[in-house]
Each structure stands twice: as structure tokens, then as C-alpha cells.
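Structural overview
Residue-level listing of the chains:
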Amino acid sequence: AEGALVGCEVEGVRVVLEDGASHAVDSSDMAFRICMANAIRDTMKKAQPNVLEPIMLVEIEIPAEFQGAVTASLSRRMGMIQNSDMNEDGSGLKVEVEVPLANMFGYSTELRSLTQGKGEFSMEYHRHSPVTRNVQDELMEKYRAEKLEDAAA
């Protein structure tokens, strides 16, 4: 099943069929399926759907002297700092941040470069969140172009 915006799966939708009548002449399983597909398609156009992206929970351990450079790099990657703890002797820092997965590619190289090879990080899936409007518009335009290209071929 393709979503209306960018062809991805649709989630968070609940459909309840409240009433239906069956006639011997024009009712069939296929007729009900087509009716449901058209109803969902029409409803999705009115629902103002959003494209979602995976948000990762990233834990970073760095020496304290690199805090400024690392937090600046996370901000550039649209990271939202959730927690920042200094270790007991003040020499190291543990930062927890939520970052879109698409913005994490190449981060291990950047972190090593920023911390002279002393920084480490781990990340795990946290949740999905809507993309920004400009990113959604770009994805929708790319999807439309691909559909036109496929139709022409």
C-alpha cells in the first residue's frame, strides 16, 4: 500500500465500517474493497497527513574540553539535547540528545575529528516525528517526479 504523500506506508489510521448493505446483483467482495480504498483515499486528502522520520536517542561520552564543539555540531544536525551530566572528577561529559536519523550519517567521523579520537557515541531508535514542512515538500516533489517518470516509461 502506498501513502498519498511520498509512497510510504501510512500508520496511525483506524477505520471502522459502520454500515453496509449487500445486494445480490451489484455487491461483491471486490466492490466493497474498491469502495473502502476510495473512502480512505478521499479521507487522506482531507486529513493533512505528515511524513514521519525516525528520531534516534544518541548518548555521547566526551572529554569536558570538547563540550562546546560537540554541542554545536549536534545543533547543526538538528539535535535536541535532553540531558548532560559531568562525571564525578569533571574530566568527562555524557550527553543525551535526540537527533533525526537522516542527520546522523557521517557523525562518527565528525565526532572523532572534534574530540581528537576521544569521543564515543551510541544510538538507538526512540520514536517517529514529523519532518519539517520544507523537507516534506521536497520529498513530495521527488515522489511526484518519480511517478511521472514511471508512467512515461
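Residues numbered from 1 in each chain as written. Predicted model: local features only at pLDDT ≥ 70, side-chain atom pairs only at ≥ 80, totals over all residues. Heavy atoms only, no water.

**Structural notes on a nonpolar patch on the surface**
Keep this limit in mind: Each patch groups residues whose relative accessible area exceeds 30% and which form no salt bridge, using 9 Å between like charges and 5 Å between nonpolar side chains of Val, Leu, Ile, Met, Phe, Trp and Tyr. For accessible areas, the Shrake-Rupley method is used with a probe of radius 1.4 Å. Any residue's cover is judged against the shown protein chains and nothing else. A pair is scored as a salt bridge if a Lys or Arg side-chain nitrogen falls within 4 Å of a carboxyl oxygen belonging to Asp or Glu. Only DSSP runs of H or I covering at least 4 residues are called helices, and only runs of E covering at least 2 are called strands; the numbering of each starts at the N terminus. Buried residues are those whose accessible area, probed at 1.4 Å on protein chains only, stays under 20% of the maximum for their type, while exposed residues exceed 50% and partly exposed ones sit between those limits.
On the surface, V10, V13, V15 and I40 cluster together into a nonpolar patch covering about 300 Å² of accessible area. Mapped onto the elements of the fold, V10 is located in the segment before helix 1 (29–46). By relative accessible area, V10 is classed as partly exposed at 43%.

**A word on unusual backbone geometry**
Its identity as a non-glycine residue notwithstanding, Q48 has a phi of 55°, on the positive side. Positionally, Q48 belongs in the loop between helix 1 and strand 1 (52–63). Judged by its relative accessible area of 69%, Q48 falls in the exposed class. Located in the positive-phi region is M78, a residue other than glycine, with phi close to 60°. If you trace the backbone, M78 turns up in the loop between helix 2 (67–76) and strand 2 (80–86).

**Examining the side chain of E98**
Where we set the bar: In the analysis that follows, any N or O atom pair within 3.5 Å is treated as a polar contact, provided that within protein one partner can donate a hydrogen and the other can accept it, and provided that, for residues neighboring in sequence, both atoms belong to side chains. Note on definitions: a residue-residue contact is assigned when non-hydrogen atoms from the two residues lie within 4.5 Å.
Relative to the assigned elements, E98 resides in strand 3 (residues 92–100). With a relative accessible area of 11%, E98 lands in the buried category. Among the polar contacts listed, one links the side chain of E98 to the side chain of R127, at a separation of 2.6 Å. Residues within four places of E98 in sequence aside, it is in contact with I55, M56, L57, M78, G79, M80, Q82, H126 and R127.

**Remarks on the nonpolar core**
Our working definition: Residue types Ala, Val, Leu, Ile, Met, Phe, Trp, Tyr and Cys, when buried and joined through side-chain atoms within 4.5 Å, form a set referred to as a nonpolar core.
Counting residues in hydrophobic clusters, the biggest one holds 14 residues, and the most contacted among them are V58, I60, V70, L74 and Y107. Mapped by element, the contributors of at least two residues to this core are strand 1, helix 2, strand 3 and helix 3 (107–114). Here V70 is in contact with I60, I62, Y107, L111, L114 and T115, once residues within four sequence places are set aside. L5, V51, M140 and Y143 belong to the second largest nonpolar core, which has six residues in total.

**Re the sheet that holds strand 3**
The condition that has to hold: Strand pairing is defined by DSSP finding a minimum of two bridges between the two strands. Note on definitions: angles span 0 to 180 degrees between N-to-C directions of axes, and those axes are lines fitted to C-alpha atoms, for helices only across the stretch in contact.
What the four strands build is an open sheet, ordered 2-3-1-4; its pairing is antiparallel. Strand pairing shows two members of the sheet lacking a second neighbour, strand 2 and strand 4 (120–130), which therefore form its edges. When strand polarity is set aside, the average angle formed by the axes of neighbouring strands in this sheet is 15°. Direction of pairing for strand 1 relative to strand 3: antiparallel, over a ladder of nine bridges. The partner of V58 across the bridge, within strand 3, is V97. Contacts from helix 2 reach strand 1, strand 2 and strand 3, with the element oriented near 175° to strand 1. The strands touched by helix 3 are strand 1 and strand 4; relative to strand 4, the strand with the most contacts, the crossing angle is about 135°.

In short, geometric facts, not functional conclusions.
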